[in-house]
Every structure is written in structure tokens, then in C-alpha cells.
Amino acid sequence: MTEQVKVLTSRWDDARAHELDRYMELDGYASLDAAFAKAPEDLVQLVKDSGLRGRGGAGFPTGMKWGFLAKGTGKPTYLVVNADESEPGTFKDMELLERDPHALVEGVIVSAYAIGCRTAFIYLRGECGWAGRRLQAAIDAAYERGLLGRDVKGSGFDLDVVLHRGAGAYICGEETALLSSLEGQRGQPKLRPPFPAVEGLYRAPTTVNNVETIATVPWIVTKGVDWFRSMGSDKSPGPKLFSVSGDVRNPGNFEFPLGVPAREVIMGAAGGMLEDKALKAWTPGGSSTPMLTGDHLDAPMDFEGIQAAGSLLGTAAVIVMSEDVCIVNACLNFTEFYAHESCGKCAPCREGTDWMRKILVRLETGQGREDDMDTLKDICDAIFGRSFCALGDGATSPIVSALQFFRDEFSEHVSGGGCPFPGTRVAVGAH
Amino acid sequence: MPLSEQSLAHAEELVARYPQRRSALLPILFLLQAEDGYVSPAGVAQVADLLGLTRAEVGAVATFYTMFRRRPVGKYLVSVCKTLSCQLRGSREIAEALTERLGVPLGGTDQSGMVTVEEVECLAACDGAPVVQVNTENYERLSSQEALQLVEALLRDEVPPPTFAADGSVTEPSTAALHWRLAGLGEPPEQLTAGEGDR
């Protein structure tokens with residue numbers, strides 16, 4: 001059995017951890033003195049040595065990303081925190097901000113110091129009211145206490161932090177779309193290269209990092225690389241938040257070392273299947289990662305382990321589906337999401353997601369055709385790798401994986417004249 | 001003009017936060033919504049002049065994001081999450097019950113102008129499925145019956161406490177106050193928190 005750990009979640013049970021004084025009593029902001037005692041480039045090296053990988057879905061090594069930031073450009077360097085958490089099934093960053101908002105502020109200070117940033121932006125979803133008020137209050141309190149602004153804690157380092165609210169667009173979680181949005185434009189992705197590390201916000205060197213990633217940095221500074229690497233595997237070290245939802249008894253966020261077997265997350269921490277139903281399918285990292293089945297429960301939940309099982313760790317957002325769930329309906333639900341959230345910039349994603357939606361609707365409503373499954377697969381092939389950004393690829397994941405594991409169920413929708421599951425329904429409308 | 005003199009001063013305060021003026025566009029559109037109830041054509045024109053943009057540029061941005069509204073919205077915005085984890089726990093039934101009660105399609109506002117109901121995509125609170133929000137504050141694990149009771153209270157201009165009220169979660173008293181908050185201007189002024197039903 002893998003024990004749950006208390007690192008990022010260590011203050012979540014304290015009802016006053018969001019208050020600055022209480023946060024400090026709980027060793028908050030302890031990493032600042034340690035960080036300011038080091039040269040910035042040594043901090044970047046420390047994060048590189050820790051092996052910390054981005055917690056926003058892609059798993060790119062954070063220290064390496066920082067190392068790519070262009071130097072000597074004569075322009076400012078920007079840190080932008082991606083708090084636009086919107087991947088279906090993912091709810092870790094919002095709980096972190098609700099329970100322990102100073103953890104992000106502390107991470108921003110240390111990270112900004114490491115990369116030479118004087119103005120940091122936090123791009124937070126517009127739809128999450130509580131997280132927004134908590135984070136703004138934490139930023140305000142940090143300013144009042146001299147932890148932000150001029151001469152942070154007497155270090156000579158100046159840092160301003162601007163909280164910027166999104167306005168409802170999943171695509172803004174994609175880093176170049178996020179930067180476009182922050183510049184006051186439509187949130188549409190941009191061609192890379194140039195990468196944000198060279199030409200990002202206002203065409204200046206920029207790093208975009210996830211909330212959980214930045215909140216992890218102070219722990220590495222305080223407790224060191226060996227401690228961090230004592231959790232997880234060589235390539236995927238450290239603690240990680242896992243969001244579990246769907247047909248389980250005890251949905252929630254759970255913190256484990258990376259590499260914990262999926263079974264222990266789903267059947268252990270999350271309490272196992274609701275009403276003891278059989279597990280049919282689960283996503284390891286949100287709707288954009290291929291579904292897996294009950295045969296994959298021993299897969300270690302780290303970047304390599306889930307890839308070996310045929311999927312991706314993504315945001316480690318586990319959506320659990322029981323035997324009662326119609327897989328065609330689940331695909332339709334996800335596809336409605338992608339069709340709605342496609343930014344419209346490139347044709348494969350914009351057109352493809354809507355065609356897939358239409359085909360799934362007709363399968364669900366008894367208008368399906370024998371060749372619909374092949375057509376779905378064809379559309380997925382036309383989207384995957386041919387879209388401007390990862391949203392298109394993600395949209396194909398549920399369908400390709402569902403066809404791989406549950407093709408017979410699609411066929412039953414054709415031969416049986418519609419959905420064989422009682423109570424599953426097609427959208428009320430509007431989208 | 002949709003933005004008053006006072007709001008224009010607030011807009012300049014927002015502009016000053018960013019290295020480039022245009023970055024204040026999203027916050028200013030929220031401010032416009034706080035004052036005018038929605039992003040009106042006149043508001044688009046005024047914001048364009050303010051930031052040195054064309055109306056087309058501002059309109060293109062305003063229509064891209066779901067939280068910018070082109071029609072007036074009720075005092076209370078009820079958002080029902082429709083994504084899978086919530087659908088598995090009955091969100092579609094909730095949306096149906098609420099639209100039927102209010103006598104409007106999704107996205108519609110009831111006759112009194114008090115409540116707007118919509119379906120939205122994943123709200124990042126899937127452990128609380130099904131999730132319903134009032135002015136972006138969460139009401140979690142509601143049955144259709146409980147969701148109906150919530151809306152009945154809102155129709156009476158009463159705001160029941162959100163799920164995490166004991167932990168400090170507070171529901172914004174009006175969409176105008178919510179949009180002010182989203183603009184990043186801190187505590188909403190009192191006249192916005194009162195908010196008329198028809199704004």
C-alpha cells in the first residue's frame with residue numbers, strides 16, 4: 001500500500017490557513033529566506049535537479065522550461081501562472097487556492113526571483129468565485145506585509161503580482177492562448193516557435209506554469225532535492241494531487257507520491273465503486289486522455305506508467321465510469337465539451353468536433369449507421385496531429401479509446417435502434 | 001454613455017496595472033457589465049475608444065468568451081455544470097427542472113428578471129457533483145428538488161448560503177457585484193450589491 005502524503009495538502013485541514021498569520025505559524029513563507037540566500041541561477045538549477053515536472057498536463061520539466069528563458073533581450077521576463085483549471089475532471093488547483101492561497105503566492109515569489117521576473121500574472125478562471133476572493137485576499141495581505149511590492153522582505157528584490165480573471169474559455173489553459181487572452185485578445189493559440197520562453201507575453205521572455213507546479217517549488221527550496229526525490233520515481237519524482245470524481249463513494253483530491261497504482265487511488269482513497277458496481281472505464285488525466293479500463297488498474301500513476309498503459313497522466317484527473325454508464329453517451333458528453341470549447345482557429349478541430357458530436361447524437365437517438373464507427377475513426381485521424389494545438393488531439397482521445405475497448409457497444413446502438421442504457425439522455429439543447 | 005465618469009476613472013486604474021493598455025480589455029468588459037448589465041453595442045464603442053481599438057476588435061473579444069453577455073442577465077445567474085462527472089450525478093435533470101420552473105430555455109431569464117439559468121462546462125469542482133453555481137459560488141451535490149428550492153429562494157430575492165459557507169465561501173449578492181469583482185476592483189460598491197431585478 002502506498003501512503004498518502006501531506007505536502008501540498010498539509011494545510012488544507014486548517015480552517016485558517018488562508019490567513020497570512022496562520023499560514024506563517026504553519027511554516028508558510030519559510031522558503032523566502034532560503035531562496036534569497038541563493039543566486040537565482042542556483043535556484044533554477046535546484047528545480048532542474050529536483051526533476052519537478054509541470055503539473056498542468058504536459059509534464060514538461062519545470063527547471064528546463066525556466067532554463068529556456070531568453071537572456072539579455074533588454075525586455076522584462078514574465079512569470080504567468082496558469083490557474084485556468086478547466087480540464088473536465090480536474091479540480092485540484094481550485095481547492096488549493098480555496099484552502100491554501102498563500103502557498104501559490106509564496107511559490108510565485110520564489111519562482112519569480114529565480115527567473116528574474118519583476119511582474120508576475122496569475123490568470124485565474126472567471127467562474128470560480130471563492131478561489132478568486134481567497135487568492136486576491138492573499139495577494140493583498142502579502143503586499144501589506146511587505147512580501148510583495150518593493151524590496152520583498154528586505155531582500156532588495158521587487159515583485160508585483162497581478163491577478164487577472166478569465167472570462168470562460170477552456171482554450172485559455174493552452175499557454176499561447178492564455179497569453180493572447182492576457183494581452184486582451186481572443187484566446188486563440190499561436191504558432192510555436194517562437195516559444196513563450198523567447199517571445200511570450202508582450203513578445204518578451206515568458207514562462208507559463210501551473211498552480212500546483214509553482215506551489216511545489218517552495219517545498220523543494222525548503223526541504224531539498226533528496227527529500228523531493230524520495231517520493232515517486234526517477235523520471236517522475238515528487239508528490240502529486242489526484243482528483244477523483246464520477247462513480248466512486250468518496251470523490252475528492254488525494255495527494256500521493258507519483259507512481260501510486262491507480263487501484264489504490266480509485267479503490268482505496270476514493271472509496272471504491274459507488275453501490276459496488278463494476279468499473280467500466282476511467283480517465284487517468286481528464287477527458288483529453290484516452291480512457292482505460294478495469295484491466296489497467298495496476299498501472300502506476302506517473303508519466304511513464306500511464307503512457308505504458310496506453311494513455312497519458314495529463315492533470316491526474318480520474319473520472320470513474322461504472323457499468324451503468326453508456327460509453328457512447330460519455331463520448332457525446334465529452335465531444336459536446338470540445339465542440340463548444342474549440343476556438344475555431346483551425347478547421348480540423350472546429351469542424352471535426354462538431355461532426356463527431358452530430359454522429360454521436362444520431363447513434364444515441366437511434367439514427368446510427370453501420371459505418372458510423374469508421375467515420376468517427378476517420379474524423380479522429382483527420383484531427384489528431386493536424387490541429388493547431390492540443391485541444392484537437394484531446395478531443396479524439398475519448399472516442400479513439402472508446403472504439404478500441406467498447407466497439408461492440410457502438411454497434412449495439414446501431415443494431416438496437418438507439419441507446420440500450422435506461423436513463424441516458426441527449427443534451428437539453430443550447431450548445 | 002454606458003460607462004460613467006467614475007467608471008472611466010476605474011478603467012484607467014485597470015489600464016495602469018498592465019504594461020500595455022489592451023491587456024485591460026477583459027477587466028474593462030467586466031466593469032462594463034457591472035454597470036450596464038451586458039456588453040451593449042454602445043459599450044463596445046466606448047471601450048474601443050478608450051483603448052484605441054476598433055469596434056470590431058472589441059466585439060471579437062467580447063463574443064469569444066462565454067462570460068461576456070450580449071443580453072441583460074438576471075440578478076442571479078444560475079449555472080448548472082453539464083460535464084460528465086456532473087451528468088453522472090443528475091445535472092441534466094436539474095437543468096430540465098429549472099428551465100421548466102422558470103419557463104425559459106437555457107440561457108433565458110425568468111419574467112421577473114431575477115434569475116437567469118444556463119448550462120456550463122466543467123466548473124472544476126467535480127467531487128461536488130452535481131454542481132450548481134449562483135453568481136459563480138458553488139452549491140454542490142444538489143438533488144433536482146434542492147436545486148428547485150434554491151431557485152425558489154432566489155426568485156424571492158433570498159440567497160441561501162453556498163456549500164462552503166462555514167469555510168468562508170460567500171455568494172455575490174448580484175451579477176453586477178460579481179462582474180465588478182471580476183474586473184478586479186475589490187469590494188463592490190453598495191449600489192451594485194442591491195441590484196435591481198431587471199438589470
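The shown structure was predicted, so the numbers you read here are calculated from the model rather than taken from an experiment.

Caption draft 1: Here's a closer look at the packing of helix α3 (residues 40–50) of chain A against helix α6 (residues 101–115) of chain A. All names here are of chain A. Running from N to C, α3 and α6 point in directions that differ by 115°, and their axes come no closer than 7 Å. By the angle between their directions, the pair α3 and α6 is classed as roughly perpendicular. Our pair here, α3 against α6, has a crossing hand that is left-handed. Across the interface between the two elements, Pro-40, Leu-43 and Val-44 of α3 pack against Tyr-113, Ala-114 and Ile-115 of α6. Taken together, the residues of the contact of α3 with α6 break down into six nonpolar, no polar and no charged.

Caption draft 2: A look at the domain arrangement of chain A. Residue and element names in this part refer to chain A. Looking at chain A, the domain boundaries give domain 1 (20–226), domain 2 (239–322) and domain 3 (327–415). For domain 2 and domain 3, the distance between their C-alpha centroids amounts to 23 Å. Tallying the contact residues gives eight residues for domain 2 and 11 residues for domain 3.

Caption draft 3: Representation of the sheet that holds strand β1 (residues 77–83) of chain A in the model. Residues and elements named next belong to chain A. Taken in spatial order, the four strands line up as β3-β2-β1-β4 in an open sheet, and their pairing is parallel. Two strands close off the open sheet at either side, each with one partner strand: β3 (160–165) and β4 (206–210). The sheet shows a mean angle of 20° between the axes of neighbouring strands, taken without regard to direction. Looking at chain direction, β1 and strand β2 (residues 117–124) are connected through seven bridges and run parallel. By the bridge assignment for β2, Val-80 is matched with Phe-121. Running over the sheet, helix α7 (residues 129–144) touches β2 and β3 and is turned about 165° from β3.

Caption draft 4: Just the pairing of strand β1 (residues 76–81) of chain B, in detail. All names here are of chain B. Burial within β1 is extensive, with six of its six residues counted as buried. The alternating pattern of β1 places Tyr-76, Val-78 and Val-80 and Leu-77, Ser-79 and Cys-81 on opposite faces, both of which are buried. The sheet contact formed by β1 and strand β2 (residues 115–120) spans six bridges and is parallel. Note that in β2 the partner of Tyr-76 across the bridge is Val-115. Bridge count for β1 against strand β3 (residues 131–134) is three bridges, and the pairing is antiparallel. From the neighbouring strand, Val-80 faces β3, where its bridge partner is Val-132.

How each quantity is defined
Residues numbered from 1 in each chain as written. Chains lettered and ligands numbered in written order. Predicted model: local features only at pLDDT ≥ 70, side-chain atom pairs only at ≥ 80, totals over all residues. Axes fitted to C-alpha atoms, helices over the stretch in contact; angles between N-to-C directions. Helix = DSSP H or I, 4+ residues; strand = E, 2+ residues; numbered from the N terminus. Parallel < 35°, antiparallel > 145°, perpendicular 65-115°, else oblique. Left-handed = near helix turned anticlockwise from the far one by under 90°. Contact = placed C-beta atoms within 7 Å. Nonpolar A, V, L, I, M, F, W, Y, C, P; charged D, E, K, R; others polar. Domains from an automatic or database assignment. Pairing = 2+ DSSP bridges. Buried ≥ 20, exposed ≤ 12 C-beta atoms within 10 Å, placed from the backbone.

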